[in-house]
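# Overview (structure and organization)
Listed here are the chains, written in short residue letters.
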Amino acid sequence: MHIMEGFLPIEHAVGWTLASAPFVIYGLRAVRRRVHEQPEQRMLLGVAAAFAFVLSALKLPSVTGSCSHPTGTGLGAILFGPVIMAPIGAVVLLFQALLLAHGGLTTLGANLFAMAIVGPFAAAAVFRLARGLKCSFAVSVFLAASLADLLTYVTTSLQLAWAFPDPVGGFAASFVKFAGIFAITQIPLAISEGLLTVVIFNALARFNPRELQDMKVIGSSEVRA
Amino acid sequence: MKRHQNLLLLVAVALLTALPLWQVQRPEAGADGKPVDIFTGADNRAMALIGQIAPSYQPWFEPLLEPASGEVASLLFALQAALGAGFIGYYLGVSVTREKMRREVTRREETDAGDTAC
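Parameters at a glance
Residues numbered from 1 in each chain as written. Chains lettered and ligands numbered in written order. Predicted model: local features only at pLDDT ≥ 70, side-chain atom pairs only at ≥ 80, totals over all residues. pLDDT = per-residue confidence, 0-100. Helix = DSSP H or I, 4+ residues; strand = E, 2+ residues; numbered from the N terminus. Axes fitted to C-alpha atoms, helices over the stretch in contact; angles between N-to-C directions. Parallel < 35°, antiparallel > 145°, perpendicular 65-115°, else oblique. Left-handed = near helix turned anticlockwise from the far one by under 90°. Contact = placed C-beta atoms within 7 Å. Nonpolar A, V, L, I, M, F, W, Y, C, P; charged D, E, K, R; others polar. Pairing = 2+ DSSP bridges.

### Digging into the confidence of the model for chain A
- Within chain A, residue pLDDT values average 92, and 97% of them lie at 70 or more.
- Looking at the elements of chain A, mean pLDDT is at its lowest for helix 8 (residues 209-214) of chain A, recorded as 83, and at its highest for helix 5 (residues 108-132) of chain A, recorded as 96.

In structure tokens, the structure reads:
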């Protein structure tokens, strides 16, 4: 989902940066407050960041014959709420932009918006909705993580379609083309991300039931399940 | 049961990743006779599509640092994954031990309570 360095017109680059900045600042404050109030959650915060690091480094082949990578933002969004993923996503994207020439500084705002804002907010909303509809914990986690992943790539397609409307078909035609590259490729990867997030939640629920209960992620009746 | 479930989930992820490799056919070579590359990055395909939609568009900024080669890039990606996986592994290791000790303590407290009652 990385829009490459320099591949957004300057107005778009500035606009997306301005749109993402408040989330990163607010997220940083949320992280600081959380670490101050509950220092014992520091390690788990590190796990959320580490998960995003691992998953966004894995470029997986897909049915469309191209490769893409998951985002790993669902875990942190479910554990800590969506805003804390904005600064974490910024670290991941900066690492890739500066050292790997993957993504870029001028497109950082747009990439952040897709991966570290739309994705996590979608994850948190879907998780809540699924829990509200009495889906099991594992199913809710799966839906949240995989839809967050998919929506991240849909957002990237929208961003590119907005910046580069098709000369004939306009925005819609362009979106279909970009979504054909990003969103379709992403479907099996999103499923993989959902499954992997369930795996890590299973491990956390088994070995850290108290933390998850304290964070109100799981109910007390589900600890032993 | 849980361990079983995780194993099955991991197998499913492996299958989802491996199936495309086996199922996607390499398209016929183009007019220039060069074999078509498959499983390239979606990001690069999007870049090529921008070139088609807006042929006059010129990227206005270059990456500050570019990995010297594909090998160096894969080194950095491996490093990124290793750092993350290492941390998760460390945390789970700590958690397993802590949970074990917690159970040990409650067990001992229970037997102690039983002893004094006698």
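### Comments concerning the packing of helix 2 (residues 42-57) of chain A against helix 4 (residues 85-99) of chain A
Residues and elements named next belong to chain A.
- Contact geometry of helix 2 with helix 4 gives a least axis separation of 10 Å together with a crossing angle of 40°. Viewed along their axes, helix 2 and helix 4 adopt a mutual orientation that is oblique. Crossing handedness for the pair helix 2 and helix 4: right-handed. Contact residues: helix 2 offers Ala48, Ala49, Ala52, Phe53 and Ser56, while helix 4 offers Ile88, Gly89, Val91 and Val92.
- Partitioned by chemical class, the residues of the contact of helix 2 with helix 4 number seven nonpolar, two polar and no charged.

### Some remarks on the interface of chain A and chain B
- Contact with chain A, which involves 53 residues of that partner, is made by 49 residues of chain B.
- At the level of secondary structure, the elements contributing two or more residues to the side of chain A that touches chain B comprise helix 2, strand 1 (60-61), strand 2 (66-68), helix 4 and helix 7 (170-207) of chain A.
- Among the elements that make up the side of chain A that touches chain B, the one with the highest residue count is helix 7 of chain A (17 residues).
- For the side of chain A that touches chain B, the class distribution of residues is 34 nonpolar, 14 polar and five charged.
- As defined by bridge partners, strand 2 of chain A adjoins strand 1 (residues 40-41) of chain B across two bridges and the pair is classed as parallel. Within strand 1 of chain B, the position partnered with Cys67 of chain A by the bridge is Gly41 of chain B.

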